[in-house]
Amino acid sequence: MKKYDVTALGELLIDFTENGLSVQSNPLFEANPGGAPCNVLAMLTNLGKKTAFIGKVGEDQFGHLLKKSLDDVGISTENLKMDPEIHTTLAFVHTMPGGDRDFSFYRNPGADMMLRKEEVQEDLIKESRLFHFGTLSCTHNPVKEATYAALDIAKDNGLLITFDPNLRPPLWPSMEDAKREILRGMEYCDVLKISDNEMEFLFGDNDYDRGVAQLQEKYNIPLILVTLGKDGSSAYYRTQKVCVPGFANENTIETTGAGDTFCACSLNYVLEHGLENLTDDNLTQMLTFANAAASLITTRKGALRVMPTKDEVLDYIKERSR
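Residues numbered from 1 in each chain as written. Predicted model: local features only at pLDDT ≥ 70, side-chain atom pairs only at ≥ 80, totals over all residues. Heavy atoms only, no water.

*Asks:* Looking at this model, I keep getting lost on unusual backbone geometry. Mind explaining?
*Replies:* Negative phi is the rule for most residues except glycine; trans is the rule for most peptide bonds. In this structure, the amide linkage connecting Asn108 to the following residue, Pro109, adopts the cis form with an omega of 0°. The amide bond that connects Asn141 to the next residue, Pro142, takes the cis arrangement and shows omega of 10°. Within the secondary structure, Pro142 sits in the loop between β8 (128-134) and α4 (143-156). Its identity as a non-glycine residue notwithstanding, Ser25 has a phi of 70°, on the positive side. Here Ser25 lies in the loop between β2 (13-21) and β3 (27-34). For Ser25, a relative accessible area of 53% gives the class exposed. The backbone phi angle of Asn166 is positive, close to 50°, even though this residue is not glycine. For Asn166, the location among the structural elements is in the loop between β9 (160-164) and α5 (175-186). (Helix = DSSP H or I, 4+ residues; strand = E, 2+ residues; numbered from the N terminus. Buried < 20%, exposed > 50% of the residue type's maximum accessible area, 1.4 Å probe, protein only.)

Here's what the structure looks like:
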């Protein structure tokens, strides 16, 4: 038995999301705890998994808010570092009609970029079943070195490794750097969660079958999950492919955290069923639950503190199946 089911490394930041206008007609923003890896951990914690986070925030009001948020939802912060000099990373999120988002980041640098490889607790990774990461911890050193040091520890100790590129173009020195690090991440992972726009970035078109086939041939990734926004998702498992439509929701406010919620539910299924001999029915169950959970989170502001419970997701599926 391991101490943790899932440990993730990466960014922890404040998402300032729009929340109406003041009496002077100025836009109001709500400080929501965010960062894709911790959103994933928050949903996994809701599903009963033991989770831990490796990262860094500033020794400032936002850093303390973020640490308290992780503690409150049950994510271990034993390897969360606080930087006395560099401030916590901030993101201002503009929500467009339909729920899509545009981001403005304050991260030049941000504390999440300052994690050093010697600050990564090796025993924490060894005491985990699964290690999850993205590419925002691969944009700059020293956190890039820390990320690959952690990946090597995970690989050497037989952990399942899962990867969500989570492409954010404004944070990269160049898009060539982004593509290189996304492809490098695929060398490590057993499960890849990737969005339709990230597939188009890598391959230049929307022929996802062709793109996935190339990734399978080059990197031998057992399970690749492609999210398609409101159209649902597809699972490519060895030679199998299963597609499940999405749960369009008229109450959608914004899509923040939808991909992270989907990712967490998929990883939860892998933790409970393994990666061997998955059937089409298994993949359909996994995608249906993940799609439903992702749909639910779009009706809530923020993500990390408002992840749905398992019962909420199951009730939602039943309601939408009538």
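*Asks:* So what exactly am I meant to see when it comes to the packing of helix α9 (residues 280-297) against helix α10 (residues 310-321) here?
*Replies:* Packed helices, taken two at a time, are described by the angle their axes make and the gap between the axes. It is at 9 Å that the axes of α9 and α10 come closest, and there the two elements cross at 100°. Relative to α10, the element α9 lies roughly perpendicular. Listed contacts from α10 to Thr288, Phe289, Ala292, Ala293, Ser295 and Leu296 of α9 are Lys310, Glu312, Val313, Leu314, Tyr316 and Ile317. The residue makeup of the contact of α9 with α10, split by class, is 8 nonpolar, 2 polar and 2 charged. (Axes fitted to C-alpha atoms, helices over the stretch in contact; angles between N-to-C directions. Parallel < 35°, antiparallel > 145°, perpendicular 65-115°, else oblique. Contact = heavy atoms within 4.5 Å. Nonpolar A, V, L, I, M, F, W, Y, C, P; charged D, E, K, R; others polar.)

*Asks:* Is there a simple way to explain the layout of surface pockets in this structure?
*Replies:* Over the atoms, a rolled probe matching the size of one water molecule traces out where space is still vacant. Roughly 200 Å³ of internal volume is contained in the second largest pocket. Only α8 (258-273), α9 and α10 provide two or more residues apiece to the lining of the second largest pocket. Per element, the largest residue contribution to the lining of the second largest pocket is 5 residues, and it comes from α8. Within the lining of the second largest pocket, the residues separate by chemical class into 5 nonpolar, 4 polar and 2 charged. (1 Å grid on protein atoms, 1.4 Å probe; cavity = no way out; pocket = protein on both sides within 12 Å on 5 of 7 lines; lining within 4 Å. Points joined across faces, edges and corners; volume = space filled by probe spheres on them.)

*Asks:* What exactly am I supposed to notice about the packing of aromatic side chains here?
*Replies:* Each aromatic ring pair is specified by the distance between its two centres and by the angle formed by the two planes. Counted under the stated rule, the structure contains 8 aromatic pairs. Ring geometry for Phe16 versus Phe92: centroids 4.7 Å apart, planes at 10°, classification stacked. Of this pair, Phe16 sits in strand β2 while Phe92 sits in strand β6 (residues 90-95), and the two are 76 residues apart along the sequence. We classify Phe92 as partly exposed; its relative accessible area is 28%. Note on Phe133 and Phe163: the rings are 4.5 Å apart at their centroids and 15° apart in plane angle, and the pair reads as stacked. In this pair, Phe133 sits in strand β8 while Phe163 sits in strand β9, placing the two residues 30 residues apart along the sequence. Assigned by exposure class, Phe133 and Phe163 land together as buried. Taken together, the ring pairs in this structure connect Phe16, Phe29, Phe62, Phe92 and Tyr106 into an aromatic cluster. (Phe/Tyr/Trp six-rings, centres within 6.5 Å; stacked < 30°, edge-to-face > 60°.)

*Asks:* What am I meant to see in the pairing of β3 here?
*Replies:* Looking along a regular strand, one sees the side chains alternate between the two faces of the sheet. Note that β2 and β3 share 7 bridges and pair antiparallel. Bridge assignment links Glu18 to a residue of β3, and that residue is Phe29. Connecting the antiparallel pair β2 and β3 is a turn made up of 5 residues, with Ser25 showing a positive phi of about 70°. (Pairing = 2+ DSSP bridges.)

*Asks:* Looking at this model, I keep getting lost on the state of the cysteines. Mind explaining?
*Replies:* Disulfides are covalent bonds that connect the sulfur atoms of two cysteines. Tallied over the full model, the rule gives 0 disulfides. Cys189 takes part in no disulfide bond, and the closest cysteine sulfur to it belongs to Cys263, at a distance of 11 Å. In this structure Cys243 is not part of a disulfide, and its nearest cysteine sulfur, from Cys263, lies 18 Å away. The class of Cys243 is partly exposed, set by a relative accessible area of 47%. (Disulfide = S-S within 2.5 Å.)

*Asks:* In this structure, what is going on with the nonpolar core? I would like to understand it.
*Replies:* For soluble globular proteins, the rule of thumb is that nonpolar side chains tend to be buried together. If you look at the biggest cluster of nonpolar residues, it comprises 55 residues, and the most contacted ones within it are Leu12, Phe53, Leu223, Leu225, Leu283, Met286 and Leu287. Ranked by residue count, the leading element in this core is α9, at 10 residues. Each residue touching Met286, except ones within four places of it in the same chain, is listed here: Leu223, Leu225, Ala235, Ser266 and Tyr269. Formed by 42 residues, the second largest nonpolar core is a distinct cluster that contains Tyr4, Leu159, Ile194 and Tyr219. (Core = buried A, V, L, I, M, F, W, Y, C linked by side-chain atoms within 4.5 Å.)

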